[in-house]
Amino acid sequence: MTETQNKVEITFEDFKTEVLNDYKIATISRECSLLGRREVLTGKAKFGIFGDGKEVPQLALAKAFKNGDFRSGYYRDQTFMMAIGAMTIEQFFAGLYGHTDINFDPMSAGRQMGGHFATHSLDENGNWNNLTKQKNSSADISPTAGQMPRLLGLAQASKIYRNVAGINQTNFSDNGNEIAWGTIGNASTSEGLFFETINAAGVLQVPMVMSVWDDEYGISVHAKHQTTKENISEILKGFQRDENANGYEILTVKGWDYPSLVATYEKAAAIAREEHVPVLIHVQELTQPQGHSTSGSHERYKNAERLAWETEFDCLSQMRNWLIENNLATAEELDQIDNQAKKDVLEGKKAAWTAFVTPMKEEQKELVDLLNSIASSSENKIFIEKIASDLAAIKEPIRKDILTTSRKVLRMIVKENGKSQLATWITNYTNKIQPKFSSHLFSESDKNVLTSVEVAPTYDASAEEVDARLVLRDNFDAIFSKYPETLIFGEDSGNIGDVNQGLEGMQEKYGELRVADVGIREATILGQGIGMAMRGLRPIAEIQYLDYLLYAIQIMSDDLATLQYRTHGRQKAPLIIRTRGHRLEGVWHSGSPMGMIINAIRGIHVLVPRNMTKAAGFYNTLLEKDEPALVVECLNGYRLKEKMPTNLGEFKTPIGVVETLKEGNDITLVSYGSTLRIVEQAAKELETVGISCEIIDVQSLLPFDIKHDIAKSLAKTNRLLVIDEDVPGGASAYLLQEIIEVQNGYQYLDAAPQTLASQPHRPAYGTDGDYFSKPSAEDIFEKVYAIMHEAKPNVFPSLY
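Residues numbered from 1 in each chain as written. Predicted model: local features only at pLDDT ≥ 70, side-chain atom pairs only at ≥ 80, totals over all residues. Heavy atoms only, no water.

Caption draft 1: Inspection of helix α15 (residues 419–438) at higher detail. In this model, α15 (20 residues) spans 27 Å end to end at C-alpha, consistent with the 28 Å of a helix rising 1.5 Å per residue. Buried residues of α15: L422, W425, I426, Y429 and I433, and no others. Packed against the buried residues of α15 are α12 (331–375) and α14 (399–412). Two residues or fewer past α15, H440 is found with a positive phi of approximately 65°. (Helix = DSSP H or I, 4+ residues; strand = E, 2+ residues; numbered from the N terminus. Expected span 1.5 Å × (residues − 1). Buried < 20%, exposed > 50% of the residue type's maximum accessible area, 1.4 Å probe, protein only. Contact = heavy atoms within 4.5 Å.)

The following block contains the structure:
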């Protein structure tokens, strides 16, 4: 018996009970919004953005949402989360207050403002839960339409699981029967990410249902300034499927019409789940009773006529009218539900607040007692007792109050006996509290990249030297054979085997779903990878050139890089991003904006192999780990010769470990990627004049030299030059800060540490453009020579 048949055959009393329970959930959600706003305006919470006015369509969505399904939505879906049993009243308020305990705020442990929702895909050790046995919500982000690219990947995972043989679906899929449900505000459909995703989903034909909550405004700006024809479903009519072409099913429904909403979502679910056809549901005539957020009031920009209409067509009021008109409840029965909801929400709010402040009050008392004890024998007794008294008087302390107070007192007793006791307390307190705000930027499971161990490539005695791209190609072949859940996709990745032939023949061997061409749409290439990785697949998303990564940097920065952090380690997306860059020709194909990248995507590892064997080793390492990474292959290295290893798919390049390419005594040269070949050339020329260079290949920028091997080199050479092809102050400044400050390399130096970077502009076209824009062998020679001239002017007289 199907679920649809089951619903048809339920009794009237069962139907009535279900409908009244829906009304109860919606009413509780509305009360949470109303009381939540008051909590912000009275100062207990910092900011509020709520789902009032969107309750009824979210009830319909929840009814169609099944175990194994995924949501990728925006910050007004609280009713939906309550309806699927994924959020309680107490948890709603814990999120509003920013409670840092994952057991109280399971959405983000206080790391995101309220309204950002997630379920737990992982247990506390970073292992996958069975996603097919639970209702899933991918973790929200605030950037408007930023949830769209990820939604595409969540939907595509179902297509992969349904159509690619050999993948172990345990914990992840039931033959691809899962839907990815998206939600977005009407105004945010103006964003490019929305259109890019809508187009891509139509091309891919994936089971995605996209709900547009339309209340006619984007903050204070009316739809006439947002959308052509003021109607997103109208302008997307060209996407409607017909007998001649694939496309979308496009449905429209009034957001206050409960029975039509339920029927519409049931229809959409059947189409997407069974046919793998994307559906757009335009939910119209919604309201937003409290305006956009606690930052303002909608009375400032809505006229009296609009406000009166919103009062009448508030979806909760309309549902109440429908219940009464259809004899499903009396006004008195609904009043009773309303009143009970108010009581339940108030009690839940109080419980959440008590749980939030109690630990801090205990910490407050602990410090006050310590300060009073220290004050008894201090020359500053009066002042310390006053400070302790002021701290004790704070009725609702936060941890900033506690730590600020302790650190100020420490200054006062720096020469007294009590200093050691207070300093120890501060250190212990900081070590206890700081992780509540800073943990899980990277994986803390036993599969994190810092557990990687090098496995060297092995070679036959007769190993031939081949074009380096063949090492990559044959290693990818080994990967695809070893890991059925691995797939790769990008511009030109499929039919022609990528622009540099690193995937030559792979599509023919493994099929169009595992080695796929995609359109020119970098943001959603990343989104495909994020969503599929969140569902247990191991995607490799290819961005054709490093310059093009900028189209996707927002998705990488706001979504992928923060995923483990913003879920306190309860979701992950071990996506591998493959690209190529460094030195080539012209402004647009030779950029190396590594400083921009590494500072934007903390939370993603950045790997910069000098050759294709090293790159292949990184791919082999990453597929055994559970963290996302960017691998930047050397664009000018594919036709250079490298030996073909015999242990393809098995050798591993360690992550966070540097490699010394040449021993030396006079100076340490640090670089990475394509520039290393020029460094090696310069070092040979420097040897001829008596300067011995030690050359170190960074290999990975994030993480960087976890064994501090560069500092060990400085202990021998006492001089440092960092060479990089990014702009001045870019990655070279990062490397210098790591070496000098983090590794304390300064203590070994006999000369000022220096950097040699590119010119501050993009590289000009042609060989001369490269020479005059980026560090050359002559630049390196002369920079090193000048450093040695300063040390030994008689041995190395000035060149100029």
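Still to come is the rest of the account.
Caption draft 2: Inspection of the pattern of salt bridges at higher detail. According to the stated counting rule, one finds 48 salt bridges in the structure shown. Of the charged contacts, one joins E39 and K349 as a salt bridge, the two residues approaching to 3.9 Å between their closest N and O atoms. Of this pair, E39 sits in helix α2 (residues 12–41) while K349 sits in helix α12, placing them 310 residues apart in sequence. Judged by relative accessible area, K349 falls into the buried class, the value being 10%. (Salt bridge = Lys/Arg side-chain N within 4 Å of Asp/Glu carboxyl O.)

Caption draft 3: Up close: a nonpolar patch on the surface. Residues I10, F12 and F15 make up a contiguous nonpolar surface patch of about 260 Å² in total accessible area. Turning to its location among the elements, F15 is positioned in helix α2. (Patch = residues over 30% accessible without salt bridge, like charges linked within 9 Å, V, L, I, M, F, W, Y side chains within 5 Å. Areas by Shrake-Rupley, 256 points an atom, 1.4 Å probe, with all protein chains shown as cover.)

Caption draft 4: Local environment of the pairing of strand β8 (residues 279–284). Across the 6 residues that make up β8, a large majority, 6, are buried. Here β8 shows two buried faces, one formed by V279, I281 and V283 and the other by L280, H282 and Q284. Where strand β4 (residues 208–213) lies against β8, 5 bridges are found, and the strand directions are parallel. For W213, the partnering residue across the bridge sits in β8 and is V283. The β-α-β motif built from strand β7 (residues 249–254), the intervening helix α9 (residues 258–275) and the parallel element β8 has right-handed crossover chirality. (Pairing = 2+ DSSP bridges. Right-handed = clockwise from strand over helix to strand, strands pointing away.)

Caption draft 5: Spatial organisation of the state of the cysteines. As enumerated under the stated definition, the model contains 0 disulfides in all. The thiol of C315 is not disulfide-bonded; the next cysteine sulfur, from C32, is found 15 Å away. Look at C315 and you get buried, because its relative accessible area is 1%. (Disulfide = S-S within 2.5 Å.)

Caption draft 6: Representation of the sheet that holds strand β2 (residues 136–137). Here we have 6 strands laid out as an open sheet, ordered β2-β1-β3-β4-β8-β7, and parallel in their pairing. Each edge of the open sheet is held by one strand with a lone partner, namely β2 and β7. Examined bridge by bridge, strand β3 (residues 180–185) and β4 share 6 bridges and lie parallel to one another. By the bridge assignment for β4, G182 is matched with M210. Its contacts with the sheet put helix α6 (residues 147–163) on β1 (70–72), β3 and β4, and the angle it makes with β3 is roughly 165°. (Axes fitted to C-alpha atoms, helices over the stretch in contact; angles between N-to-C directions.)

Caption draft 7: Region of the structure containing the packing of α6 against helix α7 (residues 192–204). In contact at an axis separation of 9 Å, α6 and α7 are set at 15° when each is read in the N-to-C sense. Taken as axis vectors, α6 and α7 run roughly parallel relative to one another. α7 is crossed by α6, and the crossing has right-handed handedness. Two secondary-structure elements touch here, α6 through M148, P149, L152, Q156 and K159 and α7 through L193, F194, T197, I198, A200, A201 and L204. (Parallel < 35°, antiparallel > 145°, perpendicular 65-115°, else oblique. Left-handed = near helix turned anticlockwise from the far one by under 90°.)

Caption draft 8: Just the side chain of T653, in detail. By the secondary structure assignment, T653 is in the loop between β16 (641–643) and β17 (659–662). Accessibility expressed as a relative area gives 3% for T653, which makes it buried. A polar contact is formed between the side chain of T653 and the backbone oxygen of K614, at a distance of 2.9 Å. Those residues in contact with T653 that lie beyond four places of it in its chain are T613, K614, G617, F618, T621 and Q699. (Polar contact = N/O pair within 3.5 Å; in protein donor to acceptor, adjacent residues only side chain to side chain.)

Caption draft 9: Structural view of the side chain of R538. Of note, R538 is situated in strand β12 (residues 538–542). One buried charged residue, R538, remains without a salt bridge, the closest side chain of opposite sign being E485 at 6.6 Å. Of note is the side chain of R538, whose polar atom sits 3.1 Å from the backbone oxygen of L622. For R538, the side chain forms a polar contact with the main-chain oxygen of L623, separated by 3.3 Å. Once you skip the residues sitting within four places of it in the chain, R538 turns out to touch E485, T486, L487, P574, I576, L622, L623 and K625. (Lys, Arg positive; Asp, Glu negative; His and termini not counted.)

On their own, these measurements won't tell you what the molecule is for.
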